[in-house]
Every structure is written in C-alpha cells, then in structure tokens.
Amino acid sequence: MPVNERIRTAREWIVRAGSITVLTGAGVSAESGVPTFRGAEGLWKKHRPEDLATPEAYARNRALVWEWYRWRQELVAATEPNAAHYALAAHASRGRSLTLITQNVDGHHERAGSRDVVELHGNLFRARCSSDGTLASLAEGPFTGIPVCPACGDAMRPDIVWFGESLPGDALQRAFLAAENAEVFVVVGTSAVVHPAASLPGVAASRGAKVIEVNIEETPVSEFAHCVISGTAAETLPLLFSHDEGSP
Ligand code: BV8
C-alpha cells in the first residue's frame, strides 16, 4: 500500500478512536537535533552503556557519569521541540483522550505543551538523592560538580533509569494500563529493544488495539503492527494528528 494511503488509513483510525496511546522513543526528537542511541550516529556507538548508564558505572565513577549527563543536558537545552512533539500536544489540547508514554529523557514533549506525560526512563533535568529520594530540578543550569541533596546533604544522581534498574512503579503501571485500554496504539521512533517499554505495543495488540508504527526503519514492532508508516516523526505526526479536512 502506498505511504499516503497508509497515512490516510491510520488517520481515520485515530480520528475515530475513543482512546489513543502513543509510545515515543529517541527518533521523535531526532529532527530536533537530539542524538538517538542505536543509529549510525547514536550515543551508544560512541559510548558504552556499561560505562555510563548503569548503577555500577555510577558507583565506579560518579564524576564521569555526571559529566556525560551534563553534556547531554547542554545538548538538549540547545534544541527545541519539533513538529511531532507539537502535533501530539495539539491533539490532546483539543480534548481528545491521548496517553503519551515516552522513553525519552529530554523533556521535549512537556516543552511542546503535553501534560501528564508518562516518563518511563526519567528526566535529564532532574536529580534524585541516592539516600532519601529527594528530587531537585536541574532546569536552571548550567551547573558544575555533583549536586547535593537540599534535604540531607548527600550526593544526588541523575533521575534516570539505568540498565538493570526498575522503572518508576507508577509510570510503569500507567503505561501498561494505557496499553491494555488503547483502541489505537501509535509507536513512534523507537527501536523497540529496551524492555519493559518494548513490550507495550505487543500488550496493546493482544488486547485488540490497532497498532500504528512510524519509523524510518523496520523494528520488531513492524512484524505485527497493523499499519507501518515509513517516514520521519516530524513529517508524519502532523499528518496523522491534524484535524483539518485535507487528506495526505
Ligand atoms: C528493567 C539510559 C526490571 C537512559 C536507558 C526483557 C527482555 C530482554 C532484556 C530485558 C528484559 N527486561 C529487562 C531487560 C534488561 C534491559 C533491556 O531491555 N536490555 C535490552 C537492551 C536487551 N532493561 C532494563 O534493564 C530496564 N530495567 O527491566 O528493570 C529489572 C530490574 C533488575 C533486574 C531485572 C529486571 C531498564 C531500562 C533502562 C533504560 N535506560 N538508557 C539515558 O541515559 O538516557 S535505555 C535507552 O534506550 C534510552 O533511555 C532510550 O529511551 C531507550 C530506548 O531507545 P530508543 O528510544 O528506542 O532509541 P534508539 O536509538 O534505540 O532508536 C531510535 C529509533 O528511532 C530507531 O528505530 C530509528 O530508526 C528511529 N528514528 C530515527 N530518526 C527518526 C526515527 N523515527 C522517526 N523519525 C525520525 N526522524
């Protein structure tokens, strides 16, 4: 089926659906200039996750881990949300039921105006006390050194879910509930290899949702998605979530 027809079909499903769940990954921010993880220019091509994104790495060398996250904060702070982020925020603002789940830690969905975003892997612009769990915003940056807990004075870590760590319980619960109850489940810009997030599209499909995938390459989700759209997020989402009468 030509891509325009796929977009038209997917758009009809979205317009008619009572409940829509969207799962985004790094690809949704790629056109903002935020690097993805696993592509040719991806972060994991230049850095080993074992050295930077595990609790063991942090225990070995806190300063190195913070240096890397500070670099990413600065990189993201110099970018803006793109048309994909804005299309999702605009759709929800029209009163449509849309649960937005993201694996991204860049905060661009919120900056575009989305509310109640389910952040599965944390946020680059927050620190969390390793001792008492106090959260602190880093949005006012730039900062140097290792942040100190305002409550107990202990060192704070990035509020990021590292490999081998559990995801925040409330976010995980909301994500699975939204997958189970979705009529339409849209998967955008994720390689769908990091679990448990990667299992959400399958959960939705098994509960009868129509699964739509938007990506520039095939992923494990492509094998069972009901509609696979080969295209970029910033080009495709405004077409899928627009409310004008024009068809693609
Ligand atoms: C856990 C640090 C319980 C954050 C990240 C089940 C099976 C197998 C393994 C496991 C399993 N369950 C758990 C595991 C282990 C592990 C895991 O999944 N490993 C995989 C890799 C094999 N999971 C965990 O450890 C998770 N914890 O399960 O806890 C537990 C606890 C203890 C013991 C047992 C169980 C924790 C996961 C931690 C995630 N943290 N990194 C950071 O610093 O940012 S993961 C990292 O990958 C990012 O956070 C990111 O969000 C996530 C997903 O990546 P994507 O977003 O998909 O990005 P990627 O680059 O891969 O893909 C980009 C896509 O975009 C591509 O498809 C590309 O084609 C597309 N694209 C590019 N440009 C565009 C585009 N698409 C559209 N438009 C464009 N313009």
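Because the structure is predicted, anything quoted here is derived from the model rather than measured.

J.: Even after reading the chapter, I still don't get the overall build of the chain, so can you show me in this structure?
T.: Counting its regular elements, the chain contains 10 helices and nine strands. Computed over the C-alpha atoms, the radius of gyration of the chain is 18 Å, within 12% of the 18 Å expected from 2.2 N^0.38 for a compact globule of 248 residues. Across its three principal directions, the C-alpha atoms of the chain cover 55 × 35 × 30 Å. Burial analysis of the chain (248 residues in total) assigns 49% to the buried set. Partitioning the intrachain contacts of the chain with sequence separation of at least 6 by distance along the chain shows that 67% fall at a separation of at least 24. If you sum the accessible surface of the chain, you get close to 11,600 Å²; carbon and sulfur atoms cover 51% of it. Within the chain, one finds 22 positive and 29 negative side-chain charges whose respective centroids are separated by 1 Å.

J.: Just checking my understanding: could you explain the domain arrangement of the chain for this structure?
T.: Reports often express the size of an interface as the amount of accessible area lost when the parts come together. For the chain, the assigned domains read domain 1 (3-34 + 80-121 + 167-240) and domain 2 (40-78 + 128-160). Measuring from the centre of the C-alpha atoms in domain 1 to the corresponding centre in domain 2 gives 27 Å. The interface of domain 1 with domain 2 comprises seven residues on the first partner and five residues on the second. Together, V34, V105 and H121 form the three largest contributors to the area buried by domain 1 at its contact with domain 2, with a combined 55%. Applying the counting criterion to the domain 1 and domain 2 interface returns zero salt bridges. The tally of links from domain 1 across to domain 2 stands at zero residue pairs in polar contact (both at pLDDT 80 or more). Class assignment of the residues belonging to the side of domain 1 that touches domain 2 gives a composition of two nonpolar, three polar and two charged.

J.: Explanation requested: helix α1 (residues 3-16) in the structure shown.
T.: Given 3.6 residues per helical turn, the α-helix brings residues three or four places apart onto the same face. Spanning 14 residues, α1 covers 20 Å between terminal C-alpha atoms, matching the ideal 20 Å at 1.5 Å per step. Those residues of α1 that fall on the buried side of the exposure criterion are I7, A10, R11 and I14. Take α1 and look down its axis: the buried residues cluster within an arc of 105°, on one side only.

J.: Explain empty space enclosed by the protein to me, please; I cannot follow it from the model alone.
T.: Across all of its chains, the model carries one cavity of 30 Å³ or more by this definition. Of the pockets and cavities examined, the largest cavity occupies roughly 130 Å³. Top contributing element to the lining of the largest cavity by residue count: helix α5 (residues 62-77), with three residues. Here the residues of the lining of the largest cavity sort into nine nonpolar, three polar and two charged. Residues from two domains meet in the lining of the largest cavity; each of domain 1 (3-34 + 80-121 + 167-240) and domain 2 (40-78 + 128-160) gives at least three.

J.: Sorry if this is basic, but what is going on with the site of the ligand here?
T.: In the vicinity of the ligand there are 37 residues, among which R38, Y69, T190, S191 and N215 approach most closely. A distance of 2.7 Å is found between an oxygen atom of the ligand and a backbone nitrogen or oxygen belonging to F37. Between the ligand and E165, the relevant distance is 2.7 Å, taken from a nitrogen atom to a main-chain nitrogen or oxygen of the residue. In isolation the ligand has 1,500 Å² of accessible area, and contact with the protein removes 75% of it. With respect to the detected pockets, the ligand is housed in the largest pocket. Considering every element that reaches the shell around the ligand, the biggest residue donor is α5, with three residues.

J.: Help me understand the environment of E183, please; the structure alone is not making it clear to me.
T.: On the secondary structure map, E183 appears in the loop between α8 (169-181) and β7 (184-188). For E183, a relative accessible area of 41% translates into the label partly exposed. Considering only alpha carbons, one finds E183 and I20, 163 residues apart in sequence, at a separation of 6.0 Å. Non-local contacts of E183, meaning those with residues more than four positions away in its chain, are made with R16, A17, G18, S19, A209 and K210.

J.: Sorry, what's going on with the pattern of salt bridges here?
T.: Between side chains of opposite charge, pairing is possible as soon as their charged atoms come close. Scanning the model with the defined rule gives six salt bridges in all. With a closest N to O distance of 2.7 Å, D159 and R126 form a salt bridge. With a gap of 33 residues between them, D159 in strand β6 (residues 156-160) and R126 in strand β4 (residues 122-129) connect regions that are remote in the sequence. R128 is the partner of D159 in a salt bridge, and the nearest nitrogen-oxygen pair spans 2.7 Å. Linking D159 in strand β6 with R128 in strand β4, this pair joins segments that are 31 residues apart in sequence. Overall, D159 belongs to the buried group, its relative accessible area being 10%. Looking at R128, the relative accessible area reads 25%, which means it is partly exposed. Shared partners join several salt bridges into a network, and the residues in it are E119, R126, R128 and D159.

Conventions we followed
- Residues numbered from 1 in each chain as written.
- Predicted model: local features only at pLDDT ≥ 70, side-chain atom pairs only at ≥ 80, totals over all residues.
- Heavy atoms only, no water.
- Helix = DSSP H or I, 4+ residues; strand = E, 2+ residues; numbered from the N terminus.
- Rg over C-alpha atoms; globule rule 2.2 N^0.38 Å.
- Buried < 20%, exposed > 50% of the residue type's maximum accessible area, 1.4 Å probe, protein only.
- Contact = heavy atoms within 4.5 Å.
- Areas by Shrake-Rupley, 256 points an atom, 1.4 Å probe, with all protein chains shown as cover.
- Lys, Arg positive; Asp, Glu negative; His and termini not counted.
- Charge placed at Lys NZ, Arg CZ, Asp CG, Glu CD.
- Domains from an automatic or database assignment.
- Buried area = accessible area lost by both parts, 1.4 Å probe.
- Salt bridge = Lys/Arg side-chain N within 4 Å of Asp/Glu carboxyl O.
- Polar contact = N/O pair within 3.5 Å; in protein donor to acceptor, adjacent residues only side chain to side chain.
- Nonpolar A, V, L, I, M, F, W, Y, C, P; charged D, E, K, R; others polar.
- Expected span 1.5 Å × (residues − 1).
- Arc of directions from axis to C-beta.
- 1 Å grid on protein atoms, 1.4 Å probe; cavity = no way out; pocket = protein on both sides within 12 Å on 5 of 7 lines; lining within 4 Å.
- Points joined across faces, edges and corners; volume = space filled by probe spheres on them.
- Near = heavy atom within 4 Å.
- Sits in = over half its atoms within 2 Å of the grid points.

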